[in-house]
Amino acid sequence: MSATLETPAQNYELRPKISDDGETELLEVSMGPHHPSTHGVFRMDVVLDGERVVKLKPVFGYLHRNHEKIAEGTSYLGSMPYTDRLDYFCSLTNNWAYALSVERLAGLQVPERAEYIRVITAELTGCKTTPVSSVFSCRTWVRSARR
Amino acid sequence: MAAARADQSRLTNVDTLEQIKDRITHVLPGARLEIVANESPSAQRSLLVDNEHAVAIATFLRDDAELQLDYCSNATGVDWPEAVVKTKIKKMVVTDGVEKEVEETLETLRSGYLESVYHLYSMAKKHGPVILRLRTENRVDKNHLPSLTPVWRSCEYQEREIFDLFGIVFDGHPDLRRILMWDGFADFPMRKDYVDPDDFEYEPTPHDDVLERAKSHYPPEVKA
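Thresholds applied
Residues numbered from 1 in each chain as written. Chains lettered and ligands numbered in written order. Predicted model: local features only at pLDDT ≥ 70, side-chain atom pairs only at ≥ 80, totals over all residues. Heavy atoms only, no water. Phe/Tyr/Trp six-rings, centres within 6.5 Å; stacked < 30°, edge-to-face > 60°. Helix = DSSP H or I, 4+ residues; strand = E, 2+ residues; numbered from the N terminus. Buried < 20%, exposed > 50% of the residue type's maximum accessible area, 1.4 Å probe, protein only. Patch = residues over 30% accessible without salt bridge, like charges linked within 9 Å, V, L, I, M, F, W, Y side chains within 5 Å. Areas by Shrake-Rupley, 256 points an atom, 1.4 Å probe, with all protein chains shown as cover. Salt bridge = Lys/Arg side-chain N within 4 Å of Asp/Glu carboxyl O. Arc of directions from axis to C-beta. Contact = heavy atoms within 4.5 Å. Pairing = 2+ DSSP bridges. Axes fitted to C-alpha atoms, helices over the stretch in contact; angles between N-to-C directions. Expected span 1.5 Å × (residues − 1).

**Q** I'm lost on the packing of aromatic side chains in this one. Help?
**A** Two measures describe an aromatic ring pair: the distance that separates the ring centres and the angle between the ring planes. One pass over the full model with this rule turns up four aromatic pairs over all chains. Here Phe60(A) and Tyr157(B) contribute two aromatic rings whose centre-to-centre distance is 5.4 Å and whose plane-to-plane angle is 75°, an arrangement assigned as edge-to-face. With one member in each of two chains, Phe60(A) in the loop between strand S3 (52-59) and helix H1 (67-72) and Tyr157(B) in helix H4 (residues 155-166) form a pair that bridges those chains. Residue Phe60(A) is classed as partly exposed on the basis of its relative accessible area of 28%. For Tyr157(B), a relative accessible area of 31% corresponds to the partly exposed category. Summarising the aromatic geometry, the rings of Trp182(B) and Phe185(B) are spaced 4.9 Å apart at their centres and angled 75° between planes, so their arrangement reads as edge-to-face. Clustering of aromatic rings is evident, with ring pairs tying together Phe42(A), Phe60(A) and Tyr157(B).

**Q** Can you walk me through a nonpolar patch on the surface in this structure?
**A** Residues and elements named next belong to chain A. Residues Tyr88, Phe89 and Val132 make up a contiguous nonpolar surface patch of about 280 Å² in total accessible area. Assignment of secondary structure puts valine 132 in helix H4 (residues 112-146). Its relative accessible area of 32% is what places valine 132 among the partly exposed residues.

**Q** Can you walk me through helix H2 (residues 17-27) of chain B in this structure?
**A** The periodicity of an α-helix, 3.6 residues per turn, causes residues three or four positions apart to be oriented the same way. All names here are of chain B. Buried within H2 are the following residues: Leu17, Ile20 and Ile24. Within H2, the buried residues cover an arc of 60° as seen down the axis, which keeps them to one side. Among the structural elements, strand S1 (33-36), strand S2 (46-49), helix H3 (54-63) and strand S7 (127-135) are those in contact with the buried residues of H2.

**Q** So what exactly am I meant to see when it comes to the sheet that holds S3(A) here?
**A** Whether parallel or antiparallel, the strands of a sheet pair through hydrogen bonds between backbone atoms. Residues and elements named next belong to chain A. Here three strands make up an open sheet; going across it, the order is S1-S2-S3 and the pairing antiparallel. The sheet is open, and its two borders are formed by strand S1 (27-31) and S3, each paired with just one other strand. Neighbour-to-neighbour, the strand axes of the sheet open up by a mean angle of 20°, direction not taken into account. Summarising the sheet, strand S2 (residues 43-49) and S3 pair through seven bridges and their orientation is antiparallel. By the bridge assignment for S3, methionine 44 is matched with proline 58.

**Q** How do you make sense of helix H3 (residues 91-106) of chain A when you look at a structure like this?
**A** Residues and elements named next belong to chain A. If you check H3, its first and last C-alpha atoms are 23 Å apart, about what 16 residues at 1.5 Å a residue would give, namely 22 Å. All of the buried residues in H3 are Asn95, Tyr98, Ala99, Val102 and Glu103. All buried residues of H3 lie within an arc of 135° about the axis, which places them on one face of the element. Glycine 107 occupies a position one or two residues after H3 and carries a positive phi of about 70°.

**Q** I would appreciate a short explanation of the pairing of strand S4 (residues 83-95) of chain B in the present structure.
**A** Taken residue by residue, a regular strand's side chains alternate between the two faces of the sheet. Residues and elements named next belong to chain B. Where S4 meets strand S5 (residues 98-110), 13 bridges bridge the pair, whose relative direction is antiparallel. Bridged to lysine 91 within S5 is valine 102. In this antiparallel pair of consecutive strands, S4 and S5, the connection spans two residues, and aspartate 96 shows a positive phi of 55°.

**Q** Help me understand the sheet that holds S2(B), please; the structure alone is not making it clear to me.
**A** Residue and element names in this part refer to chain B. Spatially, the five strands line up as an open sheet ordered S1-S2-S7-S6-S3, and their pairing is mixed. Sheet topology places S1 and strand S3 (71-80) at the edges, where each strand pairs with a single neighbour. The average angle at which neighbouring strand axes cross in this sheet is 25°, direction not considered. Summarising the sheet, S3 and strand S6 (residues 113-122) pair through nine bridges and their orientation is antiparallel. When the bridges of S6 are listed, asparagine 74 appears paired with histidine 119. Taken strand by strand, H2 contacts S1, S2 and S7, and its axis lies near 170° from that of S1. Of the strands in this sheet, S3 and S6 touch H4, which is tilted by about 10° from S3.

**Q** I'm lost on the pattern of salt bridges in this one. Help?
**A** It is possible for side chains bearing opposite charge to pair when their charged atoms get close. Counted according to the given criterion, the structure contains 22 salt bridges over all chains. Salt-bridge contacts for Lys86(B) lead to Glu107(B); the nearest nitrogen and oxygen are separated by 4.0 Å. One end of the pair, Lys86(B), is in strand S4; the other, Glu107(B), is in strand S5, and 21 residues separate them in sequence. Residue Arg139(B) pairs with Asp193(B) through a salt bridge whose shortest N-O separation is 3.3 Å. On the criterion of sequence distance, the pair formed by Arg139(B) in the loop between S7 and strand S8 (144-146) and Asp193(B) in the loop between strand S9 (169-171) and helix H5 (208-215) is long-range, its members being 54 residues apart. Overall, the relative accessible area of 12% leaves Arg139(B) in the buried class. Counted as one network, the salt bridges with shared partners bring together Lys57(A), Asp175(B) and Arg177(B).

Encoded structure:
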């Protein structure tokens, strides 16, 4: 490709090793992508002062499939299954969001029955997501309290 | 349902896009603004903003007491490659003494450019979206746009994604690096002229046309 891409100035530096008072040495840890909590999808570059996180930079792209690019080669209906894989915690709501945008683009009006079904499925998703996320955060809290 | 649709087409509680444009030109007299029409049924029009005043306009939209567009929900890129644009004009032609209206098609070559699009909402006032567009001069070397991350913090990762996938360089961005593709990657996958590498579809035991493509990537001794 003929486009030029200058490398812009980056502030992505995990510095300094020694904190301002000159006593504590900061520890750089690359957490993930194989850490169990990130299960292979992303990494966090963290700077630790003892157990305290001083700085954190998330690094994405380990599981990037570029859904937009895939959608260029499929029909509007064909990219529907991809939309619920964007976030498996609320997959049906993602389907809904995609369907809504396509309908607005094409000027379509769905029947009232479909609207009801959508609300029901979205509510069911919400019923599942709320306990999952609260259990997840409780577990994290209990673990940290034990320590 | 119909009432809900009508409500959606209304842009904000206070202003139409024309009124917003007038207010911006009132506050920032030098700003060049243009309303971009949308011919699809969604009819979501957008405001094309010039690059010099973009940050000032964005700050005005965020801080204005009536608009308070405090939330940038989405920032995305659009690639417009060089294309022949056909426009139809109606023309009066006199043939055999009779005046007739003839439709003519004009073909003009539009140079390519890249756009970044921002969807703005107001959390405080519960209205939106107001859609901003920024346009680069071309797709090759003048691919710089001002970053709106200093105005809306949520633009940071999304502008990084636009930079990564479309190759728009955002000036004033605090941390402009590739976000999804790896650092050594050279191309911009979301551009229209991007060509897939022919060995991306790796199979452990390639066959048929995948095997043919895979052979070109084998080391020489395997090929023979």
